[in-house]
Amino acid sequence: MDYKQVCDSARKCIGPFCKACYNCNGILCKDKMPGPGAKGNGDVAIRNYEKWQEIRINMDTIYENCDIDTSVELFGKRFEIPVFAGPVGSVNLHYGDKYTDLEYNDILLNGTKQAGIAAFTGDGTNPLVMQSAAEMIKKYNGYGVPTIKPWNIDIIKEKFELIKDSGCFAVAMDIDAAGLPFLKNMTPPAGSKTTQELKEIISLSPAPFIVKGIMTVNGALKAKQAGAHAIIVSNHGGRVLDGTPSTAEVLPDIVKAVGNDMTILVDGGIRTGLDVFKALALGANGVVIARPYVVAVYGGGEEGIKIYTQKLKSELCDVMSMCGAKKISEINSSMLFIK
């Protein structure tokens, strides 16, 4: 089985919204919410994808011929490639009834661990979503990152209680989810946080804290001030606000501002090992990929995850070998052609 066959298989069982496209560019699902689509006209999800395609590579094959090492250490763990599977919660709502959240997370965490990477897990209004994530992360010896929505502080404390015994090596909050309707209508209010509120949340976290949803230098500096260990440059896959720039467009300035002080991951439209290379060359320490890993789970289970991850690794190796980078730390901006 290859990844195209994984997509073909997923198409039969993934529900009515996701089209399980081999080339996951945000076009066919742009208005599918629930589902994998984006808010409004869907232009941000499409822009995320397209802006990575506009960045070109500077080829250089005059260097020592040797083995390529794609491994990297992040958050105190060694990974085969600098890639994480992204958080998805309430899978019944978005991707049909094949899996419960517990079943999905079991496959996701087991598959990513076998593939030599790790996964972020999702959250939802139903407490069972986080409970199942914590249960599965504990089952796989802490090999996962639970991702909490920006609830009010009391609910956040409850979520921390659910995950504190999981052994997770980091905790994340997708603060960009503040744009989701179900958060806006909560009492007491949920959603956006002040720097001081974020600082309090981070102080309570049972593991190093990652703030997901940073799209400006100012946002990165506030996350740093609040004590975040890492950030994810992300616009929530275009799902929460029309008209934003792509993550590829804002990443370089954010790296310049805080890249020496914290780990920086990036998501949004990254689909191939070539895209991973471009993100690393722009200064990211790693990337997060969500939608294709959902397709991998539905189309092939643990085997689908391994197939897609191996595809990414093979593509990344190929680009590195053609650009003179023998290991991840040697990838740099001089290897990019940006007009």
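That block above? That's the structure.
Nothing here was measured: the structure is a model prediction, and the numbers come from that model.

Asks: I tried to follow the nonpolar core on my own but got confused; where do I start?
Replies: Counting residues in each nonpolar core, the largest one holds 112 residues, and the members touching the most others are Phe84, Ile231 and Tyr298. Element by element, the count of residues in this core is highest for helix α12 (residues 291-323), at 14 residues. Residues in contact with Ile231, not counting those within four places in the same chain, are Ile210, Val211, Ile214, Ala220, Ala223, Ile254, Val258, Met262, Thr263, Ile264 and Leu265.

Asks: Got a minute to help me understand unusual backbone geometry in this structure?
Replies: A negative phi holds for most residues other than glycine; trans holds for most peptide bonds. Met33 connects to Pro34 through a cis peptide bond whose omega is 5 degrees. If you check the backbone angles, Ala20 has positive phi at about 50 degrees while not being a glycine. Residue placement: Ala20 occurs in the loop between α1 (3-10) and α2 (43-54). Not every positive phi belongs to a glycine, and His236 is a case in point at roughly 60 degrees. Topologically, His236 is positioned in the loop between β9 (230-233) and α10 (247-258). Overall, the relative accessible area of 10% leaves His236 in the buried class.

Asks: Any chance you could explain the pairing of β9 here in plain terms?
Replies: Remember that side chains alternate between the two faces of the sheet whenever the strand is regular. In β9, alternate side chains face the same way, and those of Ala230 and Ile232 on one face and Ile231 and Val233 on the other are all buried. Sheet topology note: the strand β8 (residues 209-214)/β9 ladder contains four bridges and is parallel. By the bridge assignment, Ile214 is partnered in β9 with Val233. In this fold, β8 hands off to helix α9 (residues 217-226), which returns the chain to β9; that crossover is right-handed. Relative to strand β10 (residues 263-266), β9 runs parallel, the two sharing four bridges. Residue pairing across strands places Val233 opposite Val266, the latter belonging to β10. At this point the chain moves from β9, through α10, to the parallel β10, and the crossover so formed is right-handed.

Asks: Looking at this structure, I do not really get the pattern of salt bridges. What am I missing?
Replies: Going through the model one piece at a time under the given rule, you end up with 16 salt bridges. Across the pair Asp123 and Lys159 runs a salt bridge, and its minimum N-O distance is 2.8 Å. In this pair, Asp123 sits in the loop between β5 (118-121) and α5 (127-139) while Lys159 sits in helix α6 (residues 153-163), placing the two residues 36 residues apart along the sequence. By the burial criterion, Asp123 is buried, and Lys159 matches it.

Asks: Where do I start with the packing of aromatic side chains in this structure?
Replies: On inspection of all chains with the given rule, the structure shows 13 aromatic pairs. Here Phe75 and Phe169 contribute two aromatic rings whose centre-to-centre distance is 6.1 Å and whose plane-to-plane angle is 35 degrees, an arrangement assigned as tilted. Remark: Phe169 occurs in the loop between α6 and β7 (171-174) and Phe75 occurs in the loop between β2 (72-74) and β3 (77-79); sequence separation between them is 94 residues. Both residues of the pair, Phe75 and Phe169, belong to the buried class.

Asks: What is the right way to read the sheet that holds strand β11 (residues 286-289) from this model?
Replies: Picture the strands of a sheet paired through backbone hydrogen bonds; they go either parallel or antiparallel. Read once around its circumference, the closed barrel built from eight strands follows the order β4-β5-β6-β7-β8-β9-β10-β11, with strand pairing classed as parallel. Strand-to-strand, the axes of this sheet are offset by a mean angle of 30 degrees, without reference to chain direction. Running at roughly 165 degrees to strand β6 (residues 145-148), α6 makes contact with β6, β7 and β8 of the sheet.

Asks: What am I meant to see in α5 here?
Replies: Note: α-helices contain 3.6 residues per turn, so residues at a spacing of three or four share the same orientation. The terminal C-alpha atoms of α5, which comprises 13 residues, lie 18 Å apart, in line with the 18 Å expected from a rise of 1.5 Å per residue. All buried positions along α5 are accounted for by Val129, Met130, Ser132, Ala133, Ala134, Met136 and Ile137. The inward-facing, buried residues of α5 abut α4 (101-115), β5, β6 and α6. Between the side-chain oxygen at the start of α5 and the backbone nitrogen of Leu128 there is a gap of 2.9 Å, and the oxygen is on Asn126. Just beyond α5, the residue with positive phi is Asn141, at close to 60 degrees.

How each quantity is defined
- Residues numbered from 1 in each chain as written.
- Predicted model: local features only at pLDDT ≥ 70, side-chain atom pairs only at ≥ 80, totals over all residues.
- Heavy atoms only, no water.
- Core = buried A, V, L, I, M, F, W, Y, C linked by side-chain atoms within 4.5 Å.
- Buried < 20%, exposed > 50% of the residue type's maximum accessible area, 1.4 Å probe, protein only.
- Helix = DSSP H or I, 4+ residues; strand = E, 2+ residues; numbered from the N terminus.
- Contact = heavy atoms within 4.5 Å.
- Pairing = 2+ DSSP bridges.
- Right-handed = clockwise from strand over helix to strand, strands pointing away.
- Salt bridge = Lys/Arg side-chain N within 4 Å of Asp/Glu carboxyl O.
- Phe/Tyr/Trp six-rings, centres within 6.5 Å; stacked < 30°, edge-to-face > 60°.
- Axes fitted to C-alpha atoms, helices over the stretch in contact; angles between N-to-C directions.
- Expected span 1.5 Å × (residues − 1).
- Polar contact = N/O pair within 3.5 Å; in protein donor to acceptor, adjacent residues only side chain to side chain.

Everything listed here is a matter of geometry and, on its own, says nothing about what the molecule does.
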